[in-house]
Amino acid sequence: MTTTSKHPETIALHGGNWRSDPATGAVAVPIYQTTSFQFRDTEHAANLFALKEFGNIYTRIMNPTQDAFEQRIAQLEGGVAALALGSGQAASLFAVTNICHAGDNFVSSTDLYGGTWNLFLHTMKTMGIEVRFVDPSDPENFRRATDARTRCYYAETLPNPKLAVFPIGEVAKIGRELGVPLIMDNTAAPIICRPLDHGAAVVMHSTTKYIGGHGTSIGGVLIDGGNFDWEKNAARFPMLNTPDPSYHGAVWTQAVKPLGPVAYIIKARVTLLRDIGAPVSPFNAFQFIQGLETLPLRMRAHCDNAVAVADHLSKHAKVTKVIFPGLMTGEAKRRADAYLKRGYGALMGFEIKGGKDAGRRFIDALKLLYHVANIGDARSLAIHPASTTHSQLTPEEQAKTGVSDGYIRLSIGIEHKDDIIADIDQALAAA
Ligand code: PLP
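Residues numbered from 1 in each chain as written. Predicted model: local features only at pLDDT ≥ 70, side-chain atom pairs only at ≥ 80, totals over all residues. Heavy atoms only, no water.

### Points about the site of the ligand
Around the ligand, the neighbouring residues are Ser 87, Gly 88, Gln 89, Tyr 113, Glu 156, Asp 185, Thr 187, Ser 206, Thr 208, Lys 209, Gly 219 and Ile 375. The contact in question runs from an oxygen atom of the ligand to an N or O atom on the backbone of Gly 88, over 2.9 Å. Between the ligand and the protein, one listed contact pairs an oxygen atom with a side-chain N or O atom of Thr 208 at 2.6 Å. Notes on the ligand: free accessible area 390 Å², of which the protein chains cover 88%. Judged by the proximity of its atoms to the pocket grid, the ligand belongs to the largest pocket. Along the lines of polarity and charge, the residues of the shell around the ligand split into two nonpolar, seven polar and three charged. (Near = heavy atom within 4 Å. Polar contact = N/O pair within 3.5 Å; in protein donor to acceptor, adjacent residues only side chain to side chain. Areas by Shrake-Rupley, 256 points an atom, 1.4 Å probe, with all protein chains shown as cover. 1 Å grid on protein atoms, 1.4 Å probe; cavity = no way out; pocket = protein on both sides within 12 Å on 5 of 7 lines; lining within 4 Å. Sits in = over half its atoms within 2 Å of the grid points. Nonpolar A, V, L, I, M, F, W, Y, C, P; charged D, E, K, R; others polar.)

Shown next, in the form of structure tokens:
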């Protein structure tokens, strides 16, 4: 079914080629819990391995449940194809190392999830890959950090705790001038932002968050925008434009041309996923399909509740500051309005009077909101970063990341807004 021109609510249910199970007529995508797939004959097997024909070989590399999920999320993000993986961390690793090897560098925003920060700064260093962190408040910082060995830019759409929306279009434009693709982590803003529409080349998600939506499954996904000319910038991308000795000399930009502009994502699947592993399990892919079906509905509920909570907190006597894209001013608000098209997201921070002790008392008094180090669950969540996720940082480092002693991070869920506010109010009274 052609659904590319349809609305997200429709794509979430019908996107991709899936209509029903060819063997049984089942409408829901089954969990194809199998490791391997029977070849029709030796010619079929040889064609699959030679990429002359596309089809299932082995679930580490592809599987029909994964495939249905990948097609749907690719369409929702406006991309051409996707690769589902076992975690968001695997997706970040694959996103960069698919085009960047020892001796190369890439430029990343400083405003990143801590796990991504560690992966880029420490683990990638052991692989000989250099990350150059730059402050995203000035997009030109990306240009200044670029040289001939720069393979990509990387950033989060809505990074917490600062929640300052990334200048996607501005940095994508600089990248396109220099032949450098922008990879966006859109974990915190599915549906409400489509980075590919603003010039990004690749999108990744930790599907663990809003896409799963129910806090049950770890997963990640990489989406190829199909909108970046890897061949035109051949000198910058030898991994896509020179013979790959691990695949009988395939030059990826040439080898997959008949399939469309999918060199990046096919290479990630047939080399990185083949060699490193980290596939999503068919069961978790099934969970993400269920999550996608209600994602647009849930995002609307998350965003509406978040506006109500932010508004309430901004008037509360015990709250000195609310950090929420919808309440920002100046350039930060302009970016929020330019890139968050269907709501301001459901993450927010606030500063409580009384600093660290009051922050801890607030968290300990919560009854409805869960105290967990996660975001994007259907349930409302809270954490006090200064005493948990950011406690190893010095006060100066904490300040740089946007965390103060009294900062509380909330991930607003889809309960009734009055019940969320009532729980926050009683915890503030106890703080
Ligand atoms: N990116 C962002 C923005 C995240 O918040 C997280 C996890 O919290 C990740 C990536 C990593 O995802 P996962 O936990 O699924 O590996």
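### What to know about the state of the cysteines
If you walk through the whole model with that rule in mind, you get zero disulfides. The closest cysteine sulfur to the non-disulfide-bonded Cys 193 is located on Cys 303, 12 Å from its own sulfur. Taking the relative accessible area as the measure of exposure, Cys 193 reaches 1% and is therefore buried. (Disulfide = S-S within 2.5 Å. Buried < 20%, exposed > 50% of the residue type's maximum accessible area, 1.4 Å probe, protein only.)

### Quick notes on the pattern of salt bridges
For the structure shown, the criterion picks out 23 salt bridges. One salt bridge in this structure joins Asp 337 and Lys 333, with 3.0 Å as the shortest N-O distance. Taken as a pair, Asp 337 and Lys 333 lie in helix H12 (residues 330-339) at a separation of four residues, close to a single helical turn. Put simply, Glu 140, Arg 143, Lys 173 and Glu 177 are held in one network by salt bridges that share partners. (Salt bridge = Lys/Arg side-chain N within 4 Å of Asp/Glu carboxyl O. Helix = DSSP H or I, 4+ residues; strand = E, 2+ residues; numbered from the N terminus.)

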